[in-house]
Amino acid sequence: MESQEPKVTGSPLMYSNRVTLKTILESSDGEMVLVGETVVVGGWVKCYKEVKKHRASDTDHASPGRQGLTCLGILKSRIPRFRTIIRILCGPASSPAAREELEPLVPEPTLPSTFFLQINDGSCTSCLQVVIDSAIAPVSAGQILPTGTCILAQGVLEELSANEKQIIQLKAEKILHVGTVEQDKYPLSTERLPLDSLREYPHIRPRTTMVSSVTRIRSTLEFATHTFFQKYGFLHVQVPIITTTDTEGFSEKFHVTTLLGKTSKEKEPVGVSDADVVSLETAKAAVKEKSAVVEQLKRSGNNKESLIVAVQDLQKTNELARLIEEREKSKPVTAVKPDLLNFNDDFFGRPSYLTVSGRLHLESYACDIGNVYSFGPRFQADKTVSSKHVAEMWTVEVEMAFSELGDAMECAEDYFKFLCKWILDNCPEDMKFVSKTIDNTITHRLEYMTTSSYDKISYGEAVEILRKVPDKAFETQLQWGVPLTAEHLSYLADDHYKRPVIIYDYPKAVKPFYVHLNEDGKTVAAFELVVPKVSLNFIKREPKLYVQIGTVITGSQNEESFNVLNTRITEFDLSIDQYEWYLDLRRHGSVKHSGFSLRFDLMVLLTTGLIDVRDVIPFPRSHGKASS
């Protein structure tokens, strides 16, 4: 006999029979294309509603609607009458025993419910309503209702009336999987949490609409990057993350070593206190857990004695955490200086670092096979707390053979405009969401950056413009030969030109050693692409915020002369041994070449309108923050 199972359709995912919500809700053929089809959907519950079915009254047992009931169903409906008869015949003394005999025999019937779940699977900003009748697909409210519950359901897509908020829903026929949630520990709720609070849960925050939307925008920008460079004949090259070269010459670097792990560990002394053996992280975790218990007991309001005990326990744990923190602060700092280590015994046999930039390594390929690019993480051990910098940031780096400064500036401008246009064309729903929730001018701003022409001015011209501005307009006094500050860049891009501006020919002292020295001997062939600040019109937030993204792209023509480069290395007081391989590129068939770097995380920040780079990086790493 053939199976009567419905045929599951709906263009499921490769390697899965699930259909994404984006396919259902944002189909290019229209939202109604899958109505009437049986599909499998999965996702996490964002919000829910339960509607209980009413029990029919005893007076209607003779109605036509009751004729289909089984004997057991009729028996269950007569339990209250049986109890009354028992009390009358057997008396109050024996009625409890008789009731105990009767109740297990015929249990109280459980009324069926209809559950209305709003689920999202991360493929789009919209949610799909899933309707579950517990009589058809047996599940309990405790299993599927809590926010964050994961469900996989099979059912038929139905069209709703025009009066409903949604025009399509799934009528569930089977529940294939339920991933339950520990409600007291789950950090998300139906209320939107501030982004700084979500940073404490980087492994859970992708379930929020904001973070999932930012992630899709980030992925689209990454794809656009590869599309642009592959279109114009660039080769993708993976540069090393671990390097023996100080790329910039003056950056704070992370040392990579195995020597520190070989130090002997002292045994804990006998008879120490709790504050000596418990770590500060453990104590803080205990405080957080016990605070949650206290809050739960306060909300319930039932057991005052338990609340008193819990509060006392929390106070003791807080005191222990305070003692541990004081002990940690009083410990002497025993940092190991790199120059005191014998790197001959180290893994690489010499000092090694996490790379600050991959442009030097890219040069070796550009000088052999032509135009190349790389995309990966770059590291700086800078302890400064900033909304635009963390320890690990992703960077797009480009090197072009047989090219000069003007070629690099032109390529950087075209690439930047390509990213702006690509995100508008390929992420319309996510851009609508960030426009609605963060900045309602963001789409217009990206369109303007795509179509406008960018002014190109030298550092000297920028200084002349800024010197005409009254001195009190800037907190930092402007002098030739020093880097332009954020307020200087902001004035040029926002007030003077009112669009992105490219500044080139910087003083040689403020740029890396490898940048081509100009004929004047004072400036080098380097440039920066500066974008206007972002105005943030947050919903229900006053006053309006302005964020200066500043420089998104930095680039240069690199020095091709062996003698000049060798002199510059000496001027920066760098070790010649580190750069012998780099000097070889000038010894053997030198060529003019140029390139640039785009700070990818800042580009995502600019595109989404957010104000802190930690909110656009999946797992941000900053000073004192690397918990997951």
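Quick caveat, the model's predicted, so the values are computed rather than measured.

**Description of the confidence of the model for the protein**
- Overall, the predicted model of the protein reaches an average pLDDT of 83, with 79% of residues at or above 70.
- Strand β6 (residues 235-236) holds the highest mean pLDDT among the elements of the protein, 98, whereas helix α2 (residues 71-77) holds the lowest, 49.
- The model gives residues 263-275 a pLDDT under 50, and that stretch makes 8 contacts with residues more than four places away or in other chains.
- Below pLDDT 50 for its whole length, residues 538-543 participates in 6 contacts with residues either more than four positions away or in separate chains.

**Quick notes on the sheet that holds strand β3 (residues 128-133)**
- Taken together, 5 strands build a closed barrel; the order of strands is β1-β2-β3-β5-β4 and the barrel is mixed. Neighbour-to-neighbour, the strand axes of the sheet open up by a mean angle of 50°, direction not taken into account.
- Where β3 meets strand β5 (residues 168-179), 3 bridges bridge the pair, whose relative direction is parallel. Looking at the pairing, Val130 lines up with Leu170 of β5.

**Some points on the packing of aromatic side chains**
- Here the structure, examined in full by the defined rule, presents 22 aromatic pairs.
- Aromatic pair Phe513 and Tyr514: ring centres 5.6 Å apart, planes at 85°, arrangement edge-to-face.
- Residue Tyr514 is classed as buried on the basis of its relative accessible area of 3%.
- Among the aromatic side chains, those forming a connected cluster through ring pairs are Phe223, Phe228, Phe229, Tyr232, Phe234, Tyr373, Tyr415, Phe418, Trp422 and Phe596.
- The ring of Tyr454 carries Lys417 above its face, with NZ or CZ at 4.7 Å from the centroid.
- Just above the ring of Tyr582 sits the side chain of Arg586; from NZ or CZ to the centre is 4.2 Å.

**So, a nonpolar patch on the surface**
- Taken together, the side chains of Ile241, Ile242, Phe347 and Phe348 define a hydrophobic patch exposed on the protein surface, amounting to about 390 Å² of accessible area.
- Tracing the backbone shows Ile242 in strand β7 (residues 242-243).
- Take Ile242: its relative accessible area is 37%, and that puts it in the partly exposed class.

**What to know about the nonpolar core**
- Among the nonpolar cores identified, the biggest contains 57 residues, and Phe229, Phe416, Phe527, Ile553, Phe596, Leu598 and Met603 are the most heavily contacted of them.
- With 13 residues, helix α11 (residues 405-426) is the single largest residue contributor to this core.
- Not counting the four nearest positions on each side in its chain, Ile553 is found in contact with Ala412, Phe416, Phe527, Glu528, Leu529, Phe596, Ser597 and Leu598.
- Of all hydrophobic cores here, the second largest spans 25 residues; its members include Leu117, Ile132, Val139 and Ile168.

**A few points about the packing of helix α6 (residues 209-231) against α11**
- Close contact between α6 and α11 brings their axes to 9 Å; oriented N to C, the two are set at 135°. By the criterion of interaxial angle, the relationship of α6 to α11 is oblique. In the crossing of α6 with α11, the sense of the turn from one axis to the other is right-handed. Contact with α6, carried on its side by Ile217, Thr220, Leu221, Phe223, Ala224, Thr225, Thr227, Phe228 and Phe229, involves Cys411, Asp414, Tyr415, Phe418, Leu419, Trp422, Ile423 and Asn426 of α11 and no other residues of that element.
- Along the lines of polarity and charge, the residues of the contact of α6 with α11 split into 12 nonpolar, 4 polar and 1 charged.

**Observations concerning the pairing of strand β17 (residues 593-599)**
- Most of β17 sits inside the fold, with 6 of its 7 residues counted as buried.
- In this structure, strand β10 (residues 392-401) lies alongside β17, joined through 7 bridges in antiparallel fashion. Bridging from a neighbouring strand, Thr395 pairs with Arg599 of β17.

**Here we look at the environment of Glu559**
- Among the structural elements, Glu559 can be located in the loop between β16 (550-558) and α16 (562-571).
- According to the relative accessible area criterion, Glu559 is buried, its value standing at 3%.
- Taking C-alpha positions, Glu559 is 5.7 Å from Tyr514, a pair spaced 45 residues apart along the chain.
- Ignoring any residue separated from it by four or fewer positions in sequence, one finds Glu559 in contact with Tyr514, Val515, His516, Leu517, Val564, Leu565, Arg586 and His593.
- Separated by 3.4 Å, the side chains of Glu559 and His516 make a polar contact.
- Separated by 3.1 Å, the side chain of Glu559 and the backbone nitrogen of Ser561 make a polar contact.

**Concerning the sheet that holds strand β11 (residues 455-458)**
- Overall, mixed pairing links the 8 strands, which are arranged β6-β9-β10-β17-β16-β13-β12-β11 in an open sheet. A single partner strand is all that each edge strand has here, and the edge strands are β6 and β11.
- In this sheet, strand β12 (residues 501-507) lies alongside β11 in parallel orientation, the contact comprising 4 bridges. The residue of β12 that forms the bridge with Lys456 is Ile502.
- Across the sheet, helix α10 (residues 359-369) lies against β6, β9 (372-379), β10, β16 and β17, angled at about 25° from β10, the strand it touches most.
- Where α11 meets the sheet, it contacts β10, β11, β12, β13 (523-531), β16 and β17, and its direction lies at approximately 15° from that of β13.

**Quick word on helix α14 (residues 459-467)**
- Turning to α14, its buried residues number three or more, namely Tyr459, Ala462, Val463, Ile465 and Leu466. On an axial view of α14, the arc spanned by its buried residues comes to 160°, and they lie on one face.
- Where α14 is buried, its residues meet β11, α15 (486-496) and β12.

**Quick look at helix α18 (residues 600-608)**
- With 9 of 9 residues buried, α18 lies mostly within the body of the structure.
- All buried positions along α18 are accounted for by Phe600, Asp601, Leu602, Met603, Val604, Leu605, Leu606, Thr607 and Thr608.
- Downstream of α18 by one or two residues, Gly609 has phi in the positive range, about 85°.

Basis of the calculations
- Residues numbered from 1 in each chain as written.
- Predicted model: local features only at pLDDT ≥ 70, side-chain atom pairs only at ≥ 80, totals over all residues.
- Heavy atoms only, no water.
- pLDDT = per-residue confidence, 0-100.
- Helix = DSSP H or I, 4+ residues; strand = E, 2+ residues; numbered from the N terminus.
- Contact = heavy atoms within 4.5 Å.
- Pairing = 2+ DSSP bridges.
- Axes fitted to C-alpha atoms, helices over the stretch in contact; angles between N-to-C directions.
- Phe/Tyr/Trp six-rings, centres within 6.5 Å; stacked < 30°, edge-to-face > 60°.
- Buried < 20%, exposed > 50% of the residue type's maximum accessible area, 1.4 Å probe, protein only.
- Lys NZ or Arg CZ within 6 Å of the ring centre and 35° of its normal.
- Patch = residues over 30% accessible without salt bridge, like charges linked within 9 Å, V, L, I, M, F, W, Y side chains within 5 Å.
- Areas by Shrake-Rupley, 256 points an atom, 1.4 Å probe, with all protein chains shown as cover.
- Salt bridge = Lys/Arg side-chain N within 4 Å of Asp/Glu carboxyl O.
- Core = buried A, V, L, I, M, F, W, Y, C linked by side-chain atoms within 4.5 Å.
- Parallel < 35°, antiparallel > 145°, perpendicular 65-115°, else oblique.
- Left-handed = near helix turned anticlockwise from the far one by under 90°.
- Nonpolar A, V, L, I, M, F, W, Y, C, P; charged D, E, K, R; others polar.
- Polar contact = N/O pair within 3.5 Å; in protein donor to acceptor, adjacent residues only side chain to side chain.
- Arc of directions from axis to C-beta.

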